[in-house]
Amino acid sequence: MEDYKKQFLESGALDGIKTQEELSELLNGLHTAALEAHLSYPKNAKNSSANARNGTSNKKLKSTYGESQLKVPRDRDGSFEPVEVPKGQSMASPIEKIVISLYAKGMSVSDIEQELQEIYGYRLSTSAISIITDRVHQEALDWQNRPLDPVYCVVWMDGIVFKVRQSGKVINKTIYLAVESNREGYKEVLGMWLGQNESAAFWQGVLTDLKARGVGDILITVTDNLNGFTLSIKNVFPNADTQICVVHQIRNSARYVVWKDKKAFTADMKHIYNAPNKETAAQELERFAEKWGTKYPYAIQSWRNNWEELTVFFDFPLEIRKIIYTTNLIENLNGKIRKYTKNKMAFPTDDALKKSVYLSLMQISRKWTQPIHNWGLILNQFLVIFEKRIQL
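Residues numbered from 1 in each chain as written. Predicted model: local features only at pLDDT ≥ 70, side-chain atom pairs only at ≥ 80, totals over all residues. Heavy atoms only, no water.

A.B. asks: Which residues make up the environment of asparagine 306, and what values go with them?
C.D. replies: By secondary structure assignment, the location of asparagine 306 is in the loop between helix H11 (297-305) and helix H12 (307-310). Expressed as a C-alpha distance, the spacing of asparagine 306 and glutamine 249, which sit 57 residues apart in the sequence, is 8.8 Å. If sequence neighbours within four positions are ignored, asparagine 306 has contacts with Asn225, Ile244 and Gln249. (Helix = DSSP H or I, 4+ residues; strand = E, 2+ residues; numbered from the N terminus. Contact = heavy atoms within 4.5 Å.)

So this is what it looks like as structure tokens:
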């Protein structure tokens, strides 16, 4: 049967498929060839075996091209199983999954066409591949507009910059991402939004969208120290505790420190954010300022300017502190998205970028099968601290 399948596919019959009728005709022909191989004798020939043809059965097939009606051939002993549409399934062949997977990994349509031919023995036209990948656009819209829960414990927010072609130029655009931990402790991406350079004003629009989709309250947000970000959050979710990422603060503070001072400088900063409580941290900041303030006044001033948002994590038990003092969780996600999209020097359109990032997110989130460490204890702490705002 596999020989007949290979011959049929290599004949070029897959080239140029554009409608569900063409797909139905293709699969019906493939099933006929497959049954002939299974029975080991051609149609209308004399049969010396116990098994034989036994008419056809109707089957609905859902695929990229729509819903098709197939005539699936049967044999008497029921041992024949269609190659492209196995028994009990109503979705098209694994080839669509292969195409989507390759596209998610950053391959172009022409690269996918070549890969299918060389590795899998399939000849699928670029137009057919485009139809398959275009389906992702509607899936992404449905996902982006899905209803959300009324309360989230922690939401991490960050942006990731890509290059996109626009009006004959290549410009930078930002994909805004929001990731939450649900009540079971599993990570989930709430959505992605495309805009120009990252700004607090755009983030306010993102937060407004979350509210419109059903989010009534966020207990803690974790962000970088983008100017105006905290105010934007408070405008939409006034009761949220807003933690600025300490790791971002460390990077920004050390940015203008000369190389020979960096080791000692960063070691002294550790005493601030590793302090057991906010009061001790404030004392460590003063010691840090006495030692480095004259040489690096900007670093000291940035700590003072952001002090209230930098030290929110001190208000919580150690287990919660560990998950909210940094945006490492979402930065790790951004790094994985980069791996999937690294082959794209510049995306041809906004839609191509959104489609690629959405597919990357779907691939990455499939591996989020374990809750956050110690989540049972952390949830109990949230319930005690925010008993009037969160319910099981």
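Here the narrative resumes.
A.B. asks: Go over the pattern of salt bridges with me, naming the residues and quoting the values.
C.D. replies: Applying the stated criterion across every chain, the model contains twelve salt bridges. In this structure, the salt-bridge partner of lysine 173 is aspartate 350, at a minimum N-O distance of 2.9 Å. Placement of lysine 173 in strand S4 (residues 169-181) and of aspartate 350 in helix H15 (residues 350-365) is noted, with a sequence separation of 177 residues between them. Look at lysine 173 and you get buried, because its relative accessible area is 5%. (Salt bridge = Lys/Arg side-chain N within 4 Å of Asp/Glu carboxyl O. Buried < 20%, exposed > 50% of the residue type's maximum accessible area, 1.4 Å probe, protein only.)

A.B. asks: So, the packing of helix H9 (residues 259-273) against helix H10 (residues 278-292): which residues are in play, and what are the values?
C.D. replies: Put simply, H9 and H10 touch, their axes get as near as 7 Å, and they point 155 degrees apart. By the angle class used here, H9 and H10 are roughly antiparallel. In contact with Asp261, Ala264, Phe265, Asp268, Met269, His271 and Ile272 of H9, H10 contributes Ala281, Glu284, Leu285, Phe288, Lys291 and Trp292. Residues of the contact of H9 with H10, tallied by class, amount to eight nonpolar, one polar and four charged. (Axes fitted to C-alpha atoms, helices over the stretch in contact; angles between N-to-C directions. Parallel < 35°, antiparallel > 145°, perpendicular 65-115°, else oblique. Nonpolar A, V, L, I, M, F, W, Y, C, P; charged D, E, K, R; others polar.)

A.B. asks: Quick rundown of a positive patch on the surface? Include the residues and the values.
C.D. replies: Judged by side-chain charge, Lys336, Lys339, Lys342 and Lys367 come together as a positively charged surface patch. Position of lysine 342 among the secondary structure elements: in the loop between helix H14 (328-341) and H15. For lysine 342, a relative accessible area of 62% puts it in the exposed group. (Patch = residues over 30% accessible without salt bridge, like charges linked within 9 Å, V, L, I, M, F, W, Y side chains within 5 Å. Areas by Shrake-Rupley, 256 points an atom, 1.4 Å probe, with all protein chains shown as cover. Lys, Arg positive; Asp, Glu negative; His and termini not counted. Charge placed at Lys NZ, Arg CZ, Asp CG, Glu CD.)

A.B. asks: Account for the packing of aromatic side chains, naming residues and giving values.
C.D. replies: Evaluated as defined, the whole model comprises 16 aromatic pairs. Through pairs of rings, three or more aromatic residues link up here, namely Tyr176, Phe202, Trp203 and Phe229. For arginine 338, the ring lying beneath its charged end belongs to phenylalanine 162, and the centroid distance is 4.8 Å. (Phe/Tyr/Trp six-rings, centres within 6.5 Å; stacked < 30°, edge-to-face > 60°. Lys NZ or Arg CZ within 6 Å of the ring centre and 35° of its normal.)

A.B. asks: Can you break down the sheet that holds strand S5 (residues 187-195) residue by residue, with the values?
C.D. replies: Strand order in this open sheet of five strands is S5-S4-S3-S6-S7, and the pairing throughout is mixed. Lying at the two open borders of the sheet, with one neighbouring strand each, are S5 and strand S7 (241-244). Looking at each pair of strands side by side, their axes are set apart by 25 degrees on average, direction ignored. Bridge count for strand S6 (residues 217-223) against S7 is four bridges, and the pairing is parallel. Each residue of the ladder has a partner; that of isoleucine 220, found in S7, is aspartate 241. Docked against the sheet, helix H6 (residues 200-212) engages strand S3 (151-166), S4 and S5, running at close to 130 degrees with respect to S5. (Pairing = 2+ DSSP bridges.)

A.B. asks: Just give me the short version of unusual backbone geometry, but keep the residues and values in it.
C.D. replies: The bulk of non-glycine residues show a negative phi, and the bulk of peptide bonds are trans. Despite not being glycine, serine 167 shows a phi value in the positive range, around 55 degrees. Counting through the fold element by element, serine 167 comes out in the loop between S3 and S4. With phi around 65 degrees, asparagine 374 is a residue other than glycine that occupies positive phi space. Examined against the element boundaries, asparagine 374 turns out to sit in the loop between H15 and helix H16 (375-385).

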